[in-house]
Amino acid sequence: MENIIASAVSQVGDPGHEAAPRRSPPGSFVIFGGGGDLTRRLLLPAIYNLACAGLLDDGFSVVAVDRADLTDAQLQQNVRAALEDFAARRGAEAVALREDIWAWMQPRIRYVRGDFETMRTYQDIATVVGDQNCIFYLAVAARFFGPIVDRLGEAGLVREGRHTFRRVIVEKPFGSDLPSAVALNERLLRTLTEQQIYRIDHYLGKETVQNILALRFSNGFFEPLWNRQNIDHVQITAAETVGVEQRAKFYEGTGALRDMVPNHVMQLLAMTAMEAPISFDADAVRNEKTKVLDAIHPLLPQDVVRGQYAPGVVGGKEVPGYRQEPGVDPHSLTETYIAIKFRIDNWRWAGVPFYVRTGKRLAARKTEIAIHFKSAPYALFRDTPVDKLAPNIMVIHIQPTEGVTMQFSAKIPGPSVRLGGVRMKFDYAEWFSEGPSTGYETLIYDCMIGDATLFQRADNIEAGWRAVQPVLDWGQDARSLDFYAAGSEGPEAADALLARDHRHWLKIG
Ligand SMILES: NC(=O)C1=CN([C@@H]2O[C@H](COP(=O)(O)OP(=O)(O)OC[C@H]3O[C@@H](n4cnc5c(N)ncnc54)[C@H](OP(=O)(O)O)[C@@H]3O)[C@@H](O)[C@H]2O)C=CC1
Ligand SMILES: O=C1O[C@H](COP(=O)(O)O)[C@@H](O)[C@H](O)[C@H]1O
């Protein structure tokens, strides 16, 4: 089946011959938190990968701002070490850092030592960046977002010139509920225009997430089926095998709902459910996303299952429960798993539930969107040994493998009519040879060229929080917390959520 599809598609055209993307404009990429974990693990490798792809202008430079006492040369050594650890690899395998790229990058890396809360730091940044284009990346704890932007404004660093831009990339978490997200938007917008703010959601940097729009809107055969007449329900899963790791302090006050749903999961839902935009212009896309999120029906307690992992076995190894993790309150009520049944009150989706689940310490690492189509009428098969027709399912795999699978029924060879489920699979890696990616390359590059399509607008963020705010308002409650063994499929109550509707989850593990 896979061969038939591959050969049919190969007649269409040879992949990989699209127009080459243009180089970024020259300018400084200023990273607040330039010595931090995000910078080392994801941002610097992304910049290195962009340099390897020839997408950075010779007038590009990185300016790291942090409080450690370092010289430019020491910082450059730290950057090299980070690139060796996190960038120079192909899959799990380490490869040598490209010396030609490092020779290009090294002199373009500068350090500004200073406290984020001190004006002197901003004066020093101004001296380094001069009047060039600048992107300020806030790779810092959320409590600094407002203060840094205020000071950038006071120092005149975000004033744009006739031919130069000043942009700010804001990391997550963007607020911790609807009121705080609204307040943060208001604060940033006192200094910046909406067009200068790039609110990042790293899920939007993932190729297959972007592919949802390509799949839906560049193929004639999906869109006519993409509605309540043909789709029974949608399942969105973002499952992880890792536990809370070293992040107990952050996670205890956050939990799975805040950490994953208003941002990453909502982006997946919005891209699956949105109407076709009138163009791929950033605002056209974001208008449609906001519209669909605004159409989410207010949640009821019976639509939500909160879970927390208990001790169990992951990858053949015994692991502790969440309450036994270092830094976690032994009586913690923080959820590490959440499942929600969303309803979308619009013409296209009325009556089609969107079930979402996300959690840590589950049976496998898997992010996917499964579109469950309605079954064909059974009538024709009543006089055959076939007792029921399986529904067709289209699964968009986001990670760890990227691709699309279609599940449908076919006749099992033999004299009588018997049906078996078969799969057709499109695998991104098999079809397209892509360079290494952290997912941040696309986002950083898009910000450089001023394309905000994959970033969240203020109303987008607020719509995501608004959809989950009822759950936050109910508060944490021991009665609303179900336990699941680490390494399992999640709490039984999540199965019951679908069983009530005579449906079941696809297996994670
Ligand atoms: N790490 C990750 O994988 C991800 C992180 N994020 C988000 O990115 C942001 C940064 O996270 P992360 O890199 O992990 O955080 P880190 O704490 O590792 O990095 C922050 C850096 O800022 C420095 N710093 C803290 N306070 C000041 C100050 N007042 N003045 C100057 N420097 C200061 C810290 O120095 P010191 O070490 O001395 O405190 C540290 O080097 C957060 O918003 C996080 O939610 C998002 C997705 C993934
Ligand atoms: O933002 C976050 O995302 C990660 C999951 O990201 P992924 O790209 O590995 O799917 C999650 O582990 C983390 O808790 C959360 O803050």
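Residues numbered from 1 in each chain as written. Chains lettered and ligands numbered in written order. Predicted model: local features only at pLDDT ≥ 70, side-chain atom pairs only at ≥ 80, totals over all residues.

Draft legend 1. Summary view of the site of ligand 1. Lining the immediate surroundings of ligand 1 are 19 residues, of which Gly 33, Gly 36, Asp 37, Leu 38 and Arg 67 lie closest. Considering every element that reaches the shell around ligand 1, the biggest residue donor is helix H2 (residues 37-52), with 4 residues. Class assignment for the residues of the shell around ligand 1 results in 7 nonpolar, 4 polar and 8 charged. (Near = placed C-beta within 6 Å. Helix = DSSP H or I, 4+ residues; strand = E, 2+ residues; numbered from the N terminus. Nonpolar A, V, L, I, M, F, W, Y, C, P; charged D, E, K, R; others polar.)

Draft legend 2. Spatial organisation of the sheet that holds strand S19 (residues 481-485). Read across the open sheet, the 9 strands follow the order S18-S17-S16-S15-S9-S14-S13-S10-S19; overall the sheet is mixed. Each edge of the sheet is formed by a strand with only one pairing partner; in this case those strands are strand S18 (419-427) and S19. Across the sheet, the mean angle from the axis of one strand to that of its neighbour is 20°, orientation sign disregarded. Pairing geometry for strand S9 (residues 231-239) and strand S15 (residues 366-373), over 8 bridges, is antiparallel. When the sheet's bridge partners are listed, Val 234 is paired in S15 with Ile 371. (Pairing = 2+ DSSP bridges. Axes fitted to C-alpha atoms, helices over the stretch in contact; angles between N-to-C directions.)

Draft legend 3. Structural context of the UniProt feature "active site" (unreviewed entry) in the protein chain. Those residues carrying the UniProt feature "active site" (unreviewed entry) are His 264 in this numbering. Tracing the chain through its elements places His 264 in helix H10 (residues 255-273). A count of 23 C-beta atoms within 10 Å places His 264 in the buried class. Excluding its chain neighbours within four sequence positions, the residues that come into contact with His 264 are Asp 201, Tyr 203 and Ala 238. (UniProt positions renumbered as here; feature names shortened; annotations may be inferred. Buried ≥ 20, exposed ≤ 12 C-beta atoms within 10 Å, placed from the backbone. Contact = placed C-beta atoms within 7 Å.)

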